[in-house]
Amino acid sequence: MKQEPPPEIGITDKGTHLEARLWATDSLASIKDQLSSISRICIEMKHTLLLLDMTEVQGTFSTVDRYELGVLGGRFSSHLKRVSVLARAGLIDPQQLGIRVARNRGLTSDIF
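What this report covers is the structure whose coordinates are included nearby.

Definitions and cut-offs
- All residue numbers here refer to positions counted from 1 along the written sequence of the relevant chain.
- This being a predicted model, a pLDDT of at least 70 is required before a residue's local features are given, and a value of 80 or more before pairs of side-chain atoms are given or counted; all residues contribute to the totals for chains, interfaces and linings.
- Note that water and hydrogens are dropped before the side-chain values are worked out from all heavy atoms of the structure.
- Side-chain atoms within 4.5 Å are what join buried Ala, Val, Leu, Ile, Met, Phe, Trp, Tyr and Cys residues into a set we call a nonpolar core.
- Throughout, exposure labels follow a simple rule: accessible area from a 1.4 Å probe, protein chains only, divided by the maximum for the residue type, with under 20% read as buried, over 50% as exposed, and the rest as partly exposed.
- Each helix corresponds to a stretch of at least 4 residues labelled H or I by DSSP, and each strand to a stretch of at least 2 residues labelled E; elements are numbered beginning at the N terminus.
- Note on definitions: a residue-residue contact is assigned when non-hydrogen atoms from the two residues lie within 4.5 Å.

### A closer look at the nonpolar core
The biggest cluster of nonpolar side chains holds 25 residues, and the ones touching the most others in it are Leu-22, Ile-31, Leu-35, Ile-38, Leu-50, Leu-52 and Met-54. Elements that contribute at least two residues to this core include exactly β2 (18–21), α1 (28–45), β3 (49–53), α2 (63–74) and β4 (82–86). Per-element accounting of this core gives the leading share, six residues, to α1. Leu-50 has contacts with Leu-18, Ala-20, Ile-38, Cys-42, Phe-76, Leu-80, Arg-82, Val-83 and Ser-84, leaving out every residue within four places of it along the chain.

This is how it looks when you write it as structure tokens:
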């Protein structure tokens, strides 16, 4: 049975890639839940390229939070070739810890 995305996640199948927009939140738990749902949908739809729009995500995240998001992102590497992340400048860590953690786990990713 095809899994429908939760209502807070916007999913658009562009044919060559999947675009996913996270719901506005400042909750790390909610972000993790949304990312897990997106991962399952990518597997189901057999997409290997993802554009992840996180511009609605608010809040400040600690180093540990960023590490955890990187670990979760690294789990995408088993079924995605590339993930590009669009985020507000205030959300992007200048050290790019989360991106480095995900890359160390095999995910090809960029954030802009």
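This is not the end of the story, as more comes after the structure.
### Focus on the environment of Ala-87
You can see Ala-87 is positioned in the loop between β4 and α3 (97–104). Under the relative-accessibility criterion, Ala-87 is labelled buried at 10%. Separated by 24 residues in the primary sequence, Ala-87 and Thr-63 have C-alpha atoms spaced 17 Å apart. The residues touching Ala-87, leaving out its near neighbours within four places in the chain, are Met-54, Thr-55, Ile-92, Ile-111 and Phe-112.

All quantities given are derived from atomic positions and should not be read as evidence of function.
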